[in-house]
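# Survey of secondary and tertiary structure
This is what each chain is made of:
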Amino acid sequence: MGCNRTFVIGAMGNGSDSSIGVRIFEKSTSEWVIPTVFGMRPMLSKGHSAIVLDEDRILVIKGNSTSDDCFWFLEVNTAFVREQRARLGSEVVAWSKGVVGEAQIPVVISGPSGVGKGTLIAKLMEDFPTMFGFSVSHTTRASRSNEQNGVHYHFTERDAMKKDIQDGKFLEFAAVHGNLYGTSVESVEVVTDQGKRCILDIDVQGARLVRASSLEAIFIFICPPSFEELEKRLRARGTETEEQIQKRLRNAKAEIDQGTSPGLFDHTLINDDLETCYENLKKLLGLSDGSAKATNISGEFIIPSTTRCLCNLLLVILNSEARFSAPETVHVPLEHTVSKINQKILINCITSHQEKPGSSMFVLDLSSIKGGAPGRTRRGLNFYAAGTNGFKAAS
Ligand SMILES: Nc1ncnc2c1ncn2[C@@H]1O[C@H](COP(=O)(O)OP(=O)(O)OP(=O)(O)O)[C@@H](O)[C@H]1O
Ligand SMILES: Nc1nc2c(ncn2[C@@H]2O[C@H](COP(=O)(O)O)[C@@H](O)[C@H]2O)c(=O)[nH]1
């Protein structure tokens, strides 16, 4: 970031925009620049604090908000931002939301048309609705009678999709069976922002592009037990014309070849018997023994009894082996102070209750962040309570 630019983050006086705006003051030219903003933007709050992290991003903490909407990162000089700046030839910033909890990396599921990807994903979503979220792709193909826009796909016109691709809104896209399909950055963000594990149902070309991107994911290829069975399923589904079925079967051969070659996929599952394949999929995702992990961490809350003042408490937080709780949802008041020590952000929330003034200390551990640009991996943040401290009345 250097000292040449000042970032101003807040309401921009445009009554119609309820999100937090960004302006850059270029000191060398004494000019204000309005950057292109990538990513979903945080909604305005009554106030916020900001702290610069590693010269490439700014952590914005929204006051008077809960921990599920409190932490936002404004990327100002990450690899993603530099890439987009070079591409557009103008200033770029990118928002990404900090999600508290043990966010798990997205799951990419590929396989030839008709193999049963959608069926397996639907079962997973039905059994674990709070854990998984589906990345809704864009496509130029016509919708089927049972499909809803915005639920199964974002059905779109080819020109509109091409423009969005040019504008950098897609994580990956490919021409599949004669139509365009793609995963927008936003479709992944919508899921990860809910603290859910994102599932992508995309073809092998798309999987290859995601593999090459900075989105860290687990890649699973679903294979049919035989080509004849694949054809049978595709016909039985009854959603394609004969011509389309022939095209999909031709493409299936290449997809199976590529999908089963070493290097691209982490795992291959044969979808012969549906229930067996589903059990194997759950096993891969660590869900088979009933130990489905919740997205939030829970633990013991230990306040060291020796801590008497805030300074002591701070030192204990940073040095002790004590385990702290990860509150499900915490309200961060307007009045709070923020400081940074190494990868830990200390948030001191001040309660100005007349009879019981005091403070609560929370720690946001940034060491778990990976990547961060929109749609790229944003592992869950570790956010835990470190204690409360009543202010003693002056005697
Ligand atoms: N193990 C299985 N045994 C028999 N039929 C199956 C099995 N798995 C899925 N099916 C059926 O096969 C058909 C195709 O499944 P599905 O639509 O889930 O495939 P898909 O891989 O998502 O296809 P596409 O890529 O075209 O969206 C469906 O009618 C589904 O009910
Ligand atoms: N590369 C991408 N492929 C995608 C995406 N969404 C779906 N798909 C794949 O397309 C075929 C056909 O799907 P259908 O719904 O028309 O039967 C299938 O293999 C899907 O996996 C995407 O966003 N990107």
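- Going by the annotation in an unreviewed UniProt entry, the name recorded for the protein chain is Guanylate kinase 1, with Salvia splendens given as the source organism.
- The Catalytic activity (unreviewed entry) field of the UniProt record for the protein chain holds the comment "GMP + ATP = GDP + ADP".
- Per UniProt, the comment on the protein chain under Sequence similarities (unreviewed entry) is "Belongs to the guanylate kinase family."

## Some words on the nonpolar core
- The biggest cluster of nonpolar side chains holds 25 residues, and the ones touching the most others in it are Leu124, Phe132, Ile220, Leu281 and Leu285.
- Contributing elements (two or more residues each) for this core: strand 10 (107-110), helix 2 (117-127), strand 17 (218-223), helix 6 (227-237), helix 7 (242-260) and helix 8 (274-284).
- By size, the runner-up hydrophobic cluster in this structure holds 19 residues, among which are Leu59, Phe73, Val330 and Cys349.

## What to know about the site of ligand 1
- Around ligand 1, the surrounding shell holds 15 residues, and the nearest of these are Ser113, Lys117, Gly118, Thr119 and Arg237.
- The contact in question runs from an oxygen atom of ligand 1 to an N or O atom on the backbone of Val115, over 3.3 Å.
- The contact in question runs from an oxygen atom of ligand 1 to an N or O atom on the side chain of Thr119, over 2.5 Å.
- Burial of ligand 1 by the protein amounts to 74% of the accessible area it has alone, namely 640 Å².
- Those elements that place two or more of their residues in the shell around ligand 1 are helix 2 and helix 6.
- If you tally residues by element for the shell around ligand 1, the top one is helix 2, at three residues.
- Among the residues making up the shell around ligand 1, the classes are represented as three nonpolar, six polar and six charged.

## A short note on the UniProt feature "domain: Guanylate kinase-like" (unreviewed entry) in the protein chain
- UniProt records the feature "domain: Guanylate kinase-like" (unreviewed entry) at residues 104-286, using the numbering of this structure.
- Annotated as 43% helix and 22% strand, the span residues 104-286 places its first and last C-alpha atoms 11 Å apart.

## Comments concerning the pattern of salt bridges
- Applying the stated criterion to the full structure yields 18 salt bridges.
- Linking Arg144 and Glu240 is a salt bridge whose minimum nitrogen-to-oxygen distance equals 2.7 Å. Taken together, the positions of Arg144 in the loop between strand 12 (137-139) and strand 13 (153-155) and Glu240 in the loop between helix 6 and helix 7 put the pair 96 residues apart, joining distant regions of the chain. Both residues of the pair, Arg144 and Glu240, belong to the buried class.
- Its salt-bridge partner being Lys282, residue Glu279 comes within 3.2 Å of it at the nearest N-O pair. On the criterion of helical spacing, the pair formed by Glu279 and Lys282 is a turn pair, its members being three residues apart in helix 8.
- On the basis of relative accessible area, Lys282 is assigned to the buried category, the value being 12%.

## Details of the site of ligand 2
- In the vicinity of ligand 2 there are 19 residues, among which Ser137, Arg141, Tyr153, Tyr181 and Asp201 approach most closely.
- Separating an oxygen atom of ligand 2 from a backbone N or O atom of Gly182 is a distance of 3.1 Å.
- Measuring from an oxygen atom of ligand 2, one finds a side-chain N or O atom of Arg248 at 2.7 Å.
- Calculation on ligand 2 without its partners gives an accessible area of 510 Å², and the protein chains cover 95% of this total.
- Of all the secondary structure elements, the ones that give two or more residues to the shell around ligand 2 are strand 14 (170-176) and strand 15 (179-184).
- Its residues assigned to classes, the shell around ligand 2 comprises five nonpolar, six polar and eight charged.

## Some words on the sheet that holds strand 9 (residues 92-97)
- Strands sit in the order 4-9-8-6-5 across an open sheet of five strands; the sheet is mixed. The outermost strands of the open sheet, each flanked by one partner alone, are strand 4 (36-38) and strand 5 (48-53). Strand-to-strand twist of the sheet, defined as the mean angle between neighbouring strand axes without regard to direction, takes the value 25°.
- Sheet topology places strand 4 next to strand 9; three bridges connect them, and they run parallel. From the neighbouring strand, Thr36 faces strand 9, where its bridge partner is Val92.
- Most of the contacts of helix 1 (residues 79-88) go to strand 9, to which it runs at about 145°, and overall it touches strand 4, strand 8 (71-75) and strand 9.

Rules of the game
- Residues numbered from 1 in each chain as written.
- Chains lettered and ligands numbered in written order.
- Predicted model: local features only at pLDDT ≥ 70, side-chain atom pairs only at ≥ 80, totals over all residues.
- Heavy atoms only, no water.
- UniProt positions renumbered as here; feature names shortened; annotations may be inferred.
- Core = buried A, V, L, I, M, F, W, Y, C linked by side-chain atoms within 4.5 Å.
- Buried < 20%, exposed > 50% of the residue type's maximum accessible area, 1.4 Å probe, protein only.
- Helix = DSSP H or I, 4+ residues; strand = E, 2+ residues; numbered from the N terminus.
- Near = heavy atom within 4 Å.
- Polar contact = N/O pair within 3.5 Å; in protein donor to acceptor, adjacent residues only side chain to side chain.
- Areas by Shrake-Rupley, 256 points an atom, 1.4 Å probe, with all protein chains shown as cover.
- Nonpolar A, V, L, I, M, F, W, Y, C, P; charged D, E, K, R; others polar.
- Salt bridge = Lys/Arg side-chain N within 4 Å of Asp/Glu carboxyl O.
- Pairing = 2+ DSSP bridges.
- Axes fitted to C-alpha atoms, helices over the stretch in contact; angles between N-to-C directions.
- Contact = heavy atoms within 4.5 Å.

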